[in-house]
Amino acid sequence: MKHRLTALALAALLALCLGGCGADDLLYYLYGGDAARRQQASYTQYDGSNGVSVVYDASVWETPTEPQADTVSLMTGTSFNYTVVLLQVTDSYTDFLAQSGEELKAETATVEYELTVDVPDAATRAVRYDCGSYQAVFAQIDYDAGLTVYVSAMTHSGDETPILELLGRVFPTGQTPESAAALLAQDDDS
């Protein structure tokens, strides 16, 4: 009986491979569903009610939500490999990066690294914390237009690159930087 089950499992895997569905596709199906793997970039703009707009790749990020009145939230990945980014507008922080770092260090052992984040028409400060199996990224983006956006991001993937790329496409509503406009134009041409 054991040999029959093994043979059946191998036959099923072989059929998936021959049918154009690889082992990666099977794993994405089992653990991430259809949203976990899309092929072509599809940029779209989301205008939050908090005055923050973001151009995001809908093939990577889920549709943004607003869990609080001053926060836009973006999420990507599966339960095993996920990233969450919160874009918050508030004036209650005296030093957002220091305060966030202290709160994180109080909860877990961390290693801190400075990050360079390029955001058009803005001054930025950012740090990354390695916290064992995940990373935390905190950033403060001070736009020339006068808006300040506080970014809190967590990623279980171990790669902060998608977060940094996303932040380059965040801007005050009505103040679209050229880079974001170019992405939307590129998507319209495809």
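In short, a report on the structure. (Residues numbered from 1 in each chain as written. Predicted model: local features only at pLDDT ≥ 70, side-chain atom pairs only at ≥ 80, totals over all residues. Heavy atoms only, no water.)

## Quick notes on the nonpolar core
So, step 1. Judged by nonpolar contacts, the single largest core of 30 residues is most densely connected at Leu 87 and Leu 167.
So, step 2. Every residue in contact with Leu 87, bar those within four places of it in the chain, is listed here: Asn 50, Val 52, Val 54, Asp 70, Thr 71, Val 72, Leu 74, Val 149, Tyr 150, Val 151, Leu 167 and Val 170. (Core = buried A, V, L, I, M, F, W, Y, C linked by side-chain atoms within 4.5 Å. Buried < 20%, exposed > 50% of the residue type's maximum accessible area, 1.4 Å probe, protein only. Contact = heavy atoms within 4.5 Å.)

## Observations concerning the packing of aromatic side chains
So, step 1. Across all of its chains, the model carries three aromatic pairs by this definition.
So, step 2. Aromatic pair Phe 96 and Phe 138: ring centres 6.2 Å apart, planes at 80 degrees, arrangement edge-to-face. One end of the pair, Phe 96, is in helix α3 (residues 96–107); the other, Phe 138, is in strand β8 (residues 134–143), and 42 residues separate them in sequence. The pair Phe 96 / Phe 138 is uniform in exposure class, with both members buried.
So, step 3. On the basis of an interplanar angle of 65 degrees and a centroid distance of 6.0 Å, the ring pair of Tyr 129 and Phe 138 is categorised as edge-to-face. One exposure class covers both Tyr 129 and Phe 138, and it is buried.
So, step 4. Three or more aromatic residues link up through ring pairs in this structure, and these residues are Phe 96, Tyr 129, Phe 138 and Tyr 150. (Phe/Tyr/Trp six-rings, centres within 6.5 Å; stacked < 30°, edge-to-face > 60°. Helix = DSSP H or I, 4+ residues; strand = E, 2+ residues; numbered from the N terminus.)

## Thoughts on the side chain of Gln 135
So, step 1. Mapped onto the secondary structure, Gln 135 falls in strand β8.
So, step 2. With a relative accessible area of 9%, Gln 135 lands in the buried category.
So, step 3. In terms of polar contacts, Gln 135 uses its side chain to reach the side chain of Arg 128, at 3.3 Å.
So, step 4. Those residues in contact with Gln 135 that lie beyond four places of it in its chain are Arg 128, Tyr 129, Asp 130, Ala 153, Met 154, Thr 155, Gly 158, Asp 159 and Glu 160. (Polar contact = N/O pair within 3.5 Å; in protein donor to acceptor, adjacent residues only side chain to side chain.)

## Focus: the sheet that holds strand β6 (residues 111–115)
So, step 1. What the seven strands build is an open sheet, ordered β3-β4-β5-β9-β8-β7-β6; its pairing is antiparallel. Of all the strands in the sheet, the pair left with one neighbour each is β3 (65–68) and β6. Shown here is a sheet whose adjacent strand axes are inclined to one another by a mean of 20 degrees, direction ignored.
So, step 2. Where strand β5 (residues 82–88) lies against strand β9 (residues 148–155), six bridges are found, and the strand directions are antiparallel. The residue bridging Thr 83 from the neighbouring strand is Thr 155, located in β9. (Pairing = 2+ DSSP bridges. Axes fitted to C-alpha atoms, helices over the stretch in contact; angles between N-to-C directions.)

## Remarks on the sheet that holds strand β2 (residues 52–57)
So, step 1. Read across the open sheet, the three strands follow the order β1-β2-β10; overall the sheet is antiparallel. The sheet is open, and its two borders are formed by β1 (43–47) and β10 (170–172), each paired with just one other strand. Going from strand to strand, the sheet's axes swing by 25 degrees on average, the running direction of each strand aside.

## Concerning the side chain of Gln 88
So, step 1. If you trace the backbone, Gln 88 turns up in strand β5.
So, step 2. A distance of 3.4 Å separates polar atoms of two side chains, one belonging to Gln 88 and the other to Asp 70.
So, step 3. Sequence-distant contacts of Gln 88, that is, excluding residues within four places in its chain, are made with Gln 68, Asp 70, Thr 71, Tyr 93, Thr 148, Val 149 and Tyr 150.

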